[in-house]
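# Tertiary structure, described
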Amino acid sequence: MARILIVDDDAAFREALLETVTSLGHDAEEVSRGAQALSLMKQDHFDAVLLDQRMPGVDGLGVLKALRDQGGAAPPIIMLTAYAGADNTIEAMRLGAFDHLAKPISRDAVQEVLTRALRSPQPSTQSAQHLPVSAGLAGFVGDSPAMREVHKRIGLAAASTMPVLVLGETGTGKEMVARALHRHSDRAAQPFIAVNCSAIPSELLESELFGHVRGAFTGATGDRPGCFRAADGGVLLLDEIGDMALETQAKMLRVLQEGEVTPVGATQPVRVDVRVVAATHKDLPAAVRAGQFREDLLWRLDVLSIHMPPLRERTADILPLARYFLERAAGSGQPKALSHEAEQALLAHRWPGNVRELRNGMERCQALSPHPVIAAEDLQLNRSGPGPETDTAGPLPPWLGGTLPEAVSRLERVMIQRALDEARGNRAEAARLLGIHRQLLYRKLAAYGME
Ligand SMILES: Nc1ncnc2c1ncn2[C@@H]1O[C@H](COP(=O)(O)OP(=O)(O)OP(=O)(O)O)[C@@H](O)[C@H]1O
């Protein structure tokens, strides 16, 4: 028999929980306010706490923070909420909650979580004083069970300083995870830098990462700090790390071990304090077996891993994401609605390109579909690639209607907007992604009133 504290301002819910906990053979105490819980926990010992998140006065997160600030051992705290979102889940786990459950909660779920909590109590003595209140995570959409687990892992990772490895197919949201981790960590006020290791030729990657000194190689006309020093104090995302050359991997390993970088052409290393998040869609153990990835680097990186499930394995997220992307693409205008058939088609699709594919499809529909309600055929989900676009035998899809210049300008606007989003507003990068000169992009932005 364990002693359990129940904290909830909803009397009916509290009573029901009390009954469940008692029927499971435990001794339970109940209070309705966070402040009462804190003072009771000072006087009395509890083996676990079931804590509501939203309460008047000191809320659930407030209780967690106060316990951290007091220091000393705290019992495992299970947060309960009717409003489970990415933000509060990550924040609760970061502050040391044992688990975060969405209401309503079945008797089985209470039993299961208490069994786990009582088996492995997690007294945490870490002080939260250095942890700032994190910024909101607008845009992290989806609360399927699989994504709830991801939010919890992000929260756990945000509370530590170890490297994080984010695994998952292309377009599942690995970079979003890295950004969420940064925003919820105590490095939120410091830089977040992302490098795509597969997009940069390997001979340039070392200079990009570690910097170089003037004259290090032909064309090195000045010193360059490199991404590690640019991210000093903050977080560095090494995207597609599975594509990094073996030689660069050896240098990466040294940086992680020593906490210092040696710029190309320099003799003296420079100390850096960078939290590394590595991401890849590759099977790294298989790459190790094939001799393409260093085993010791994998060991260093794979301390805390977060697996992003493919979209087809979290169908509950598909429609909320689709509506979100339509709204975002509509800006201040009216977002298009999805017909029932379109919704069914979205749910049945395999999504090889995951969330990115869904985003691109919704942006295209919002911009190009001629109807206020999107029909299943507007989605063009049976297209596997650019091939069928060139099929001239059938009738033209509606968005190709009108004159050729009209259709071309619709397409240009969508592609330019997508490149700008991808480049986070950096026009030079957007021009590079589009494969056109920067000057030409500026002219098009002006012509389309997209400045
Ligand atoms: N849960 C989500 N909510 C809202 N937008 C999302 C979500 N997941 C992914 N996205 C969006 O989908 C696109 C792809 O996400 P992201 O770049 O993070 O994927 P990735 O796994 O890093 O892709 P790659 O492997 O190709 O680098 C981005 O525009 C991102 O904003």
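Since we're looking at a predicted model, the values are computed, not measured.

In this section: the overall build of the protein. The helix and strand inventory of the protein stands at 19 helices and 14 strands. For the C-alpha atoms alone, the extent of the protein along its principal axes is close to 75 × 65 × 45 Å. Burial analysis of the protein (451 residues in total) assigns 35% to the buried set. At a minimum sequence separation of 6, the contacts of the protein that also span at least 24 residues come to 73%.

Time to look at the sheet that holds strand β4 (residues 77–81). Strand order in this open sheet of five strands is β2-β1-β3-β4-β5, and the pairing throughout is parallel. Of all strands in the sheet, those bounded by a partner on one side alone are β2 (27–31) and β5 (99–102). Between one strand axis and the next, the sheet turns through 20 degrees on average, direction left out of account. Two elements, strand β1 (residues 3–7) and strand β3 (residues 48–52), share four bridges in a ladder whose sense is parallel. Residue pairing in the sheet places I4 in a bridge with A48 of β3.

Before going further, it helps to spend a moment on the site of the ligand. The ligand sits among 19 residues. The nearest are V141, G173, K174, E175 and V355. Of all the elements in the fold, those that place two or more residues in the shell around the ligand are α7 (174–184) and α15 (354–368). A class-by-class count of the residues in the shell around the ligand yields six nonpolar, eight polar and five charged.

A few words on the nonpolar core. A general feature of soluble globular proteins is that nonpolar side chains tend to end up buried together. Among the nonpolar cores identified, the biggest contains 95 residues, and I78, L181, F228 and V277 are the most heavily contacted of them. Residue contacts for I78: discarding those within four places in its chain leaves A48, V49, L50, L51, F98, D99, L101, V113 and A117. With seven residues, the next largest nonpolar core counts A419, A431, L434 and L441 among its residues.

So, about the confidence of the model for the protein. Interpretation of the predicted coordinates at a detailed level should be avoided for regions scoring low in pLDDT. Here the protein averages 85 in pLDDT, while 90% of its residues score no lower than 70. Low pLDDT, under 50, characterises residues 384–393; the stretch is placed with one contact to residues that sit more than four places away or in other chains. Across the assembled chains, the prediction reports ipTM 0.98 with pTM 0.71.

The omega torsion of the bond from K103 to P104 falls at 0 degrees, within 30 degrees of zero and hence cis. Residues other than glycine seldom take positive phi values, yet N354 does so here, at roughly 55 degrees. With respect to the helices and strands, the residue N354 is situated in helix α15. On the neighbour-count criterion, N354 (23 C-beta atoms within 10 Å) is buried.

Here we take up the domain arrangement of the protein. Examined at the domain level, the protein breaks down into domain 1 (3–119), domain 2 (160–308) and domain 3 (312–447). One C-alpha centre belongs to domain 1, the other to domain 3; they are set 44 Å apart.

Glancing now at the environment of A199. Relative to the elements of secondary structure, A199 occurs in the loop between β7 (192–196) and α8 (202–210). Using a count of 13 C-beta atoms within 10 Å as the deciding quantity, one classes A199 as partly exposed. Counting along the chain gives 151 residues from A199 to R350, while the straight-line C-alpha distance between them is 27 Å.

Buried within helix α3 (residues 60–70) are the following residues: G60, L61, V63, L64, L67 and R68. Buried residues in α3, looked at end-on, bunch into an arc of 160 degrees, giving them a common side. If you follow the buried residues of α3, they end up packed against α2 (34–43), β3, β4 and α4 (86–94). Looking one or two residues past α3, G71 carries a phi angle of roughly 70 degrees, positive in sign.

Right, let's talk about the packing of helix α17 (residues 404–422) against helix α18 (residues 427–434) for a bit. Where α17 contacts α18, the axes come no closer than 8 Å and their chain directions differ by 125 degrees. In terms of their interaxial angle, α17 and α18 are classed as oblique. Considering how the two elements wind past one another, α17 and α18 form a crossing that is right-handed. Contacts from M415, I416, A419, L420 and E422 of α17 reach α18 at A430, L433 and L434.

With that out of the way, let us pick up the pairing of β5. Alignment of β4 against β5, held across four bridges, turns out to be parallel. Bridge pairing in β5 links T81 to A102.

Within helix α19 (residues 438–447), only one of the ten residues are buried, which leaves it mostly out in the open. Taken from the residues just after α19, G449 is the one with a positive phi, measuring 60 degrees.

Take the sheet that holds strand β12 (residues 304–308) next. Read from one edge of the open sheet, five strands run β7-β8-β11-β6-β12, paired in parallel fashion. Whereas interior strands pair on both sides, the edge strands pair on one side only; in this sheet they are β7 and β12. The average angle at which neighbouring strand axes cross in this sheet is 20 degrees, direction not considered. Where β7 lies against strand β8 (residues 235–239), five bridges are found, and the strand directions are parallel. By the bridge assignment, I193 is partnered in β8 with L236.

Note on placement: M252 falls in helix α10 (residues 246–258). Each C-alpha atom of the pair M252 and A329 lies 39 Å from the other, and the pair is 77 residues apart in sequence. Sequence-distant contacts of M252, defined by excluding residues within four places in its chain, comprise M244 and L297.

Our focus in this paragraph is the packing of helix α6 (residues 145–158) against α7. Contact geometry of α6 with α7 gives a least axis separation of 9 Å together with a crossing angle of 45 degrees. Taken together, the axes of α6 and α7 are oblique relative to one another. α6 and α7 meet at a crossing whose hand is right-handed. Of the residues in α7, those touching α6 at V150, I154, G155, A157 and A158 are V177, A180, L181 and H184. Grouping the amino acids of the contact of α6 with α7 by side-chain chemistry returns seven nonpolar, two polar and no charged.

The rules behind each value
Residues numbered from 1 in each chain as written. Predicted model: local features only at pLDDT ≥ 70, side-chain atom pairs only at ≥ 80, totals over all residues. Helix = DSSP H or I, 4+ residues; strand = E, 2+ residues; numbered from the N terminus. Buried ≥ 20, exposed ≤ 12 C-beta atoms within 10 Å, placed from the backbone. Contact = placed C-beta atoms within 7 Å. Pairing = 2+ DSSP bridges. Axes fitted to C-alpha atoms, helices over the stretch in contact; angles between N-to-C directions. Near = placed C-beta within 6 Å. Nonpolar A, V, L, I, M, F, W, Y, C, P; charged D, E, K, R; others polar. Core = buried A, V, L, I, M, F, W, Y, C linked by C-beta atoms within 7 Å. pLDDT = per-residue confidence, 0-100. Domains from an automatic or database assignment. Arc of directions from axis to C-beta. Parallel < 35°, antiparallel > 145°, perpendicular 65-115°, else oblique. Left-handed = near helix turned anticlockwise from the far one by under 90°.

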